Amino acid sequence: MNSQIIVIFGASGDLTKRKLMPSLYWLYKHNRLNASFALLGVGRTSYTDDSYRAFIETQLPLFVPADELDTVSTTEFLQHIYFHSMDPDNVENYSDLKQRLEVLDKQIDNPGNYLYYLATPPSLYGVIPLHLQSVNLNTESHGQTRRIIVEKPFGYHLSSAQELNRIYNSVFREDQIYRIDHFLGKETVQNILALRFANGIFEPLWNRNYIDHVEVTAVENLGIEERGGFYDGSGALRDMVQNHLIQLVALTAMEPPALFNADSFRNEVVKVYQALKPLTTAQIKSQVIRGQYTMSHAENRLINGYREEKNINPHSRTETFVALKLFIDNWRWGGVPFYIRTGKQMPTKVSEIVIHFKPTPHSLFQGMAGNSSLNSMIIRIQPNEGIVMKFGMKVPGSNFEIKQVSMDFTYDRLGGSPVGDAYAKLLEDCMMGESTLFTRSDAVEASWCYFDPILSLWENDKSIPLYGYPAGTWGPLEADSIVGQENSWTNPCKNLTNTDLYCEL
Ligand code: BG6
């Protein structure tokens, strides 16, 4: 890997301390960074290099697993960290930043390779690239690399995403831009590709002839914690659905790419987004349910309602839960509903995809209730990463009574070399110039095209309900209406263990 300076804008923020620093520490500890790398934190706080190092030192133990943390690696890692105090919104500060980078270049013998990470509030996403351009910190000469990672949500709606793309494409080439969606950095998300495209047995079944419906769930048992200011202006649809959940839909639904490279893979993702069947106003009203958690006493503790959280407008109508039904209009998926769901303050934290196969055409045995199918596949992304296949078996000794059983595989049985978290994987990919797992400009816009009408209807039609749900429950009951009478949401059990990977609550 080349030497480089990683410039983190938003260096005193939540993402930096929770995700970026722990991931960079992990990469450092596992010798995945070039010996001459530097990390330059940029932000308004008036840290010096030393006081910023001291701050990071206090944060690492909070977010790095204890068995990964050791004093020698921490001390060495901290020596690579610097801080530059400035307001990134002000263009006049960028020549100083440039000088600081040039000094650091000499110090660590770096030929001017920079990786900018925008871990700032989204309002700065459009400003920073232009300011970098004003002092020529964007252009590459003599084999230099200048790359930029920008966090989601990329845009607030379709038109702002288009405007951002316009800005980014006027400052950087597309292959310098890395729009990050950390779900794609998760091992188990990448493994959906292996499951589908390294095995011949699933592909013949992976279509509308054999699959009845698909569920994609990513729920959390936490509220919005310290992120009220950001979240209240964003909501679950922008925070989770427009990016993470729709990526999971894309990986489940995409056609096999011809080659395993960035363009082939991303071409297939875009095709899924382009095939999403647009929702009419009536369908938005009936197929998209939004909710907001309310105060509750789950498990004998008082959980604040969303409107009581810090930095939240007490009359806020921001959604913390979304469930929706979508269709993909193509030959593989025509007519197969995809039910997707996300929420804060739900009973547990789990992300998974459930593929429900169609029932047999005729129920021959006892115990096969009516028309319902005994066959499904659960792709568990987190926690207890694994895959469960469900099918019917004869109960021993009985008179052909059929019971649904599970065959399960858990990733921790696989061993292999140590894997950092999703951010470590994506940071390393970006440093190597590998963009397969980052979102391309056309994909961002295609996804916004689908979700934009939902957001604008919610904004303009105040009669559309926002349902309350007590914190710690599975969301508003109205979400059941979109899966129809024959189906129901699959709610994973609360305390997941490897042996009991899956059960109804
Ligand atoms: C982030 C969202 O992108 O993903 C958060 O902004 C959410 O609101 C998080 O909590 C979930 O990610 P993970 O990896 O913890 O499932």
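Residues numbered from 1 in each chain as written. Predicted model: local features only at pLDDT ≥ 70, side-chain atom pairs only at ≥ 80, totals over all residues. Heavy atoms only, no water.

K.L.:
What should I look at first to understand the side chain of Asn113 in this one?
P.N.:
Mapping Asn113 onto the fold places it in the loop between α4 (94-108) and β4 (114-118). Overall, Asn113 belongs to the buried group, its relative accessible area being 3%. Look past the residues within four positions of Asn113 in its chain and what remains in contact with it is Asn2, Ser3, Gln4, Ile5, Gly143, Gln144 and Thr145. (Helix = DSSP H or I, 4+ residues; strand = E, 2+ residues; numbered from the N terminus. Buried < 20%, exposed > 50% of the residue type's maximum accessible area, 1.4 Å probe, protein only. Contact = heavy atoms within 4.5 Å.)

K.L.:
When you look at the pattern of salt bridges in this model, what are you seeing that I'm missing?
P.N.:
It is possible for side chains of opposite charge to pair when their charged atoms get near one another. One pass over the full model with this rule turns up 23 salt bridges. The partner of Arg227 in a salt bridge is Asp239, with the nearest N and O atoms 3.7 Å apart. Highlighted residues: Arg227 in the loop between β7 (211-219) and α8 (228-232) and Asp239 in helix α9 (residues 236-253), separated in sequence by 12 residues. According to the relative accessible area criterion, Asp239 is buried, its value standing at 2%. (Salt bridge = Lys/Arg side-chain N within 4 Å of Asp/Glu carboxyl O.)

K.L.:
Could you clarify how one ought to interpret the site of the ligand in this entry?
P.N.:
Near the ligand the following residues occur: Lys152, His182, Phe183, Lys186, Glu220, Arg227, Asp239, Met240, His244, Lys344, Lys349 and Gln382. The side chain of Lys152 places a nitrogen or oxygen atom 2.7 Å from an oxygen atom of the ligand. Here an oxygen atom of the ligand sits 2.5 Å away from a polar atom, N or O, in the side chain of Asp239. Across the complex, the protein chains shield 84% of the 400 Å² of accessible surface that the ligand would expose by itself. Top contributing element to the shell around the ligand by residue count: α9, with 3 residues. Classifying every residue of the shell around the ligand gives 2 nonpolar, 3 polar and 7 charged. (Near = heavy atom within 4 Å. Polar contact = N/O pair within 3.5 Å; in protein donor to acceptor, adjacent residues only side chain to side chain. Areas by Shrake-Rupley, 256 points an atom, 1.4 Å probe, with all protein chains shown as cover. Nonpolar A, V, L, I, M, F, W, Y, C, P; charged D, E, K, R; others polar.)

K.L.:
Help me understand helix α7 (residues 187-197) in this model?
P.N.:
In an α-helix, one turn spans 3.6 residues, which is why side chains three or four residues apart end up on the same side. For α7, the full list of buried residues reads Thr188, Val189, Gln190, Ile192, Leu193, Leu195 and Arg196. Buried-residue contacts for α7 involve α9, α10 (262-275), β11 (350-357), β12 (376-382), β13 (386-394) and α12 (422-431).

K.L.:
Where do I start with the packing of aromatic side chains in this structure?
P.N.:
Here a ring pair, both rings aromatic, is described through the centre-centre distance and the interplanar angle of the planes. On inspection of all chains with the given rule, the structure shows 21 aromatic pairs. Here the aromatic rings of Tyr52 and Phe83 are separated by 4.7 Å at their centres, their planes lie at 40°, and the arrangement is tilted. You can see Tyr52 sitting in helix α2 (residues 49-63) and its partner Phe83 sitting in strand β3 (residues 81-85), a full 31 residues away along the chain. Both residues of the pair, Tyr52 and Phe83, count as buried. Relative to Tyr306, the ring of Tyr231 has its centre 6.1 Å away and its plane inclined at 65°; by these criteria the two rings are edge-to-face. With a gap of 75 residues between them, Tyr231 in helix α8 and Tyr306 in the loop between β8 (288-294) and β9 (321-326) connect regions that are remote in the sequence. (Phe/Tyr/Trp six-rings, centres within 6.5 Å; stacked < 30°, edge-to-face > 60°.)

K.L.:
Please clarify how unusual backbone geometry should be interpreted in this entry.
P.N.:
The phi torsion of most residues other than glycine is negative, and most of the peptide bonds are trans. A cis geometry characterises the amide bond from Lys152 onward to Pro153, with omega recorded as -5°. In this fold, Pro153 is placed in the loop between β5 (146-150) and α6 (158-171). Residue Gln382 is joined to Pro383 through a cis peptide bond whose omega torsion reads -15°. Checked against the element boundaries, Pro383 lands in the loop between β12 and β13. For Asn311, which is not glycine, the phi dihedral falls at a positive 65°. For Asn311, the location among the structural elements is in the loop between β8 and β9. Given a relative accessible area of 51%, Asn311 falls into the exposed group.

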